[in-house]
Structure formats: structure tokens, C-alpha cells
Amino acid sequence: MATLTGADPAGRRLLARLTPGPGGWQVTAATVVTVAVALGLSALLIAVTGGSPSASVQALYQGSMASPRAWSNSLLYVAPLLLVAVGACVSARSGFFNIGQEGQVLIGALAGAWVGLRLALPGPLLLVVVLLAALLAAGGWAGLSALMYRFRGVNVVVSTLLMTFLAQQLVAFAVNTPWLLQESRLGTGVVSPQSNPLPENAWLASLGEYPNLQVNGGLILAVLIAVAISLAMTRTRWGFRLKMLGLNPVTAQHAGVRVGALGGMALAISGAFAGLAGALLLTSPIGSHRLQPGMSLNLGWDGLLVALVGRNNPLLAIPVAVLFGVLRAGSSFLAATGVPSFLVDVVKALLVLAFVAPPAVIALLRRRRAGGEPAGTPPPTGGLPTPTPSTGEPAATGTEVPAIDVPAASGSEKTGNGPTGSEKTTMEGRPA
């Protein structure tokens, strides 16, 4: 890759981040191969089920990229997928793996619908309040998992997953209860399990007019958030502490990081962005502007996959979200070719494996290669000697190790090389 000799510092830093590290080209080549294999397996599955691979590809193209209208539909799905992925990047960077985005999307939509139908605010103020209510409610919902982990030791992966089913039941209860969010009865008509539509001043506007390309305001908001979070994670003290927490919580705690507070905040931010994605489902043309039990459309799970494929990088998640949006928008056209639409989920799963597996496999091979050195290989210069089990003396490594006289310490005193502060150790090494 060419170097930017005359570019500004920001351009050089960007190029350095996009340049693969040691062995990066091996990962790239392996990824290309696995993606080709995944596409080949997808074509084989379509052929086995009685469909035509070429006709299926044509249908996906017609439904997602063939016209400005098709692109408009694809971009509508990109915004919530990207928001969920950005939140997943934040929680993963801190070491907490949040997999409850599907339920957090529903909680955000529930809070947004309740506020939008209960408050009569003028102009775009209602839209702002709906988005904020969804963000805060879903952030608090995810924060409950952080509290359960902090005070009861409940695993975050388990709690966030199980709370997804609780969120689904809450939404179903709300849209089936007349005094909550069930739609109003008109005469003797049948009442459906859904809410009334939001007022029009709570809808997100779009740039462009049909049949030309339309870009909804939710996509602009999602891209701005992705860029802001990426800068915060790489250019701020908060981002540095977040990375330190994810790499080694013990080291982070010794460095003065409030591990519990920072980890809980990261989990709450992840849930908040998922809730904001739920608000977009209410306020954008992607749905009917009504709260419905199945309105999440598995966007929470797909957003998590976007983050995994994007290597937990908010900027890399943008093109991956576009790819998943294209697959989701084009899946509705597969029925015309006789191919079941659920095969799109199989294709997405194969693509996720194709992108995620190569780095893990290559890293495993490197570790095995590094561990295959002869047993008698001497340690590198500056390495610490290995004590023998019987005497505790340094093993012979070919390098003389000077003897160090360590004064004996009493049960309540510390040596001069011991820990500082108010800590005291006993003879057995346990805190006094």
C-alpha cells in the first residue's frame, strides 16, 4: 500500500489503522477464501431446495440495489442495525458481552410509544422526547444486568439473554391491555394487539423524494453516532480506560479505574443504543409507526452479528451494516423465485463465520507454532529464571543470577520491597 508522505497527520493515522498488522495479509487472504466458500455453500443450498442460484441473486439485487427505491429500502434497515452494532462494540471493548439487544430494542420501542402517545408536545419536540425516552429506558434495562452482576454475581451473558424474553412478554402485555397501549376500538371493529400510530410530528423526516433516493434521518443519526463513538474509544481517556478494562480488569483497578462503574456504564450505553434502534423502528418508514410484539424483526441479533463481523470497530460496522441491510431488503423478493426467505438467514450465518473464523484460526495456529519450540531452548535475554520445585533455587539457564539477600519479615511488618500504603501482610502472604 502506498504511503501518504505529504498527507496531514490525521490521514497518516487513518492509513496506519487501516493497514493490517503482522500477519494481516494472511487473515485477509484467508477471509477471501472463506467468503468464497460461504457463497458457494449458499448457492448449493439454494440449488438443493429446488431454486435457481442465479435467479436468487437476481432477486436479491432487484430488491435491494437495482433502483433508487430499492436502495432507499436497504438504507432504512442500515440505521437500526448500525446503532445496535455500535452499542455492541462499546460493551465488547469493556469485556462485557451483551447479547440482549433484541429485548433492549423492544424496551426502547415500548418506552418511545408510551411517551409519544401520552404526551401532546408541539412540533419536533415530541420526536426528541420519544428518542430520549427510548434511549434512557433501554439503557436502564441493560443496567439491571450490570447491577445483578455487581451485587449477585449473575453472568452478564445469561442475564441479558434471559431478559430478552421478559421484554417480549412486557411488550405483548402492553399491546393487549386497553389501559396501557392497546389500540383504541373504533365502533364494533376488532381490536388488534398493537398500539395506535404515533402522531406525525414524532416521525423522522427523509431527504429526497420518491422515486429518487430517500435517506431517512435515522441513518444520518446512526452514522454520526458511530463516528462519535469511534473517536471517543480511540481518542479519549474514557476510551483508553474502557480498553484497559477489557484487556485486564485487575490491572485497570490498580491503575485507578472504577471497574464496576465503568463496566456498568458500557453495558448501559450498549442497551441505550439498542433502544434508540427500537425508536427508529417506530419513527421511520421501516414500520407502521405502531408498537407491535414482533416489530424488532431480529434486528437485535443481526446488529450483534454486524459488530462481530466488523471486529467490534464502529467504523468498520458501517459497511457491514450496509451489507446486512441489502440482504434484509432483498430477502422479500426471494419468494418470487420459489426460495424460502429463511435461507437469507443461513447465508448471513455463513458470511459471519467466513469473516470471524479466519482471525481466530490463524491466531490458534500461531500459538501452536510458538508453543512447538524445543524444551531446552534458553529463555530470551532479560528473562526471569525458573525456580526448581524442590529447593526454590533458580534453574540453570546458562546465565549467572546474582544472589539477593532478602531480610526476614515478621508477621506484622513488611520488607522494604513490599507493598506501600496501609496494606499489611502476614507470614503466609494473606492480608492481615
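Residues numbered from 1 in each chain as written. Predicted model: local features only at pLDDT ≥ 70, side-chain atom pairs only at ≥ 80, totals over all residues. Heavy atoms only, no water.

1. With respect to the side chain of S64
Along the polypeptide, S64 turns up in helix α3 (residues 53–64). Setting aside residues up to four positions removed in sequence, S64 forms contacts with A70, W71, S74, V326, A329 and G330. (Helix = DSSP H or I, 4+ residues; strand = E, 2+ residues; numbered from the N terminus. Contact = heavy atoms within 4.5 Å.)

2. Structural notes on the packing of aromatic side chains
Using the criterion set out here, one finds 1 aromatic pair in the structure. Relative to Y149, the ring of F96 lies with its centre 5.6 Å away and its plane at 85°, an arrangement referred to as edge-to-face. Here F96, found in the loop between α4 (68–93) and α5 (101–118), pairs with Y149, found in helix α6 (residues 125–152); they are 53 residues apart in sequence, far enough to count as distant. A cation sits over an aromatic face here: R150 above F151, 5.3 Å from the ring centre. (Phe/Tyr/Trp six-rings, centres within 6.5 Å; stacked < 30°, edge-to-face > 60°. Lys NZ or Arg CZ within 6 Å of the ring centre and 35° of its normal.)

3. Description of the confidence of the model for the chain
Looking at the chain as a whole, its pLDDT mean stands at 80, while 79% of the residues score no less than 70. The model gives residues 1–7 a pLDDT under 50, and that stretch makes 9 contacts with residues more than four places away or in other chains. In the model, residues 373–432 has pLDDT below 50 throughout and makes 32 contacts with residues more than four positions away in sequence or in other chains. (pLDDT = per-residue confidence, 0-100.)

4. Observations concerning the environment of L121
Turning to its location among the elements, L121 is positioned in the loop between α5 and α6. Spatially, the C-alpha atom of L121 lies 9.9 Å from that of P199, the residues being 78 residues apart in sequence. Sequence-distant contacts of L121, that is, excluding residues within four places in its chain, are made with L126, V129 and N201.

5. A look at empty space enclosed by the protein
Applying the stated criterion across every chain, the model contains 1 cavity of 30 Å³ or more. In this structure, the largest cavity occupies an estimated 50 Å³ of space. Every residue lining the largest cavity is listed: L75, L76, A79, P80, N216, G218, L219, L280 and S284. Elements that contribute at least two residues to the lining of the largest cavity include exactly α4 and α8 (217–235). When residues of the lining of the largest cavity are assigned to their parent elements, the largest contribution, 4 residues, is made by α4. (1 Å grid on protein atoms, 1.4 Å probe; cavity = no way out; pocket = protein on both sides within 12 Å on 5 of 7 lines; lining within 4 Å. Points joined across faces, edges and corners; volume = space filled by probe spheres on them.)

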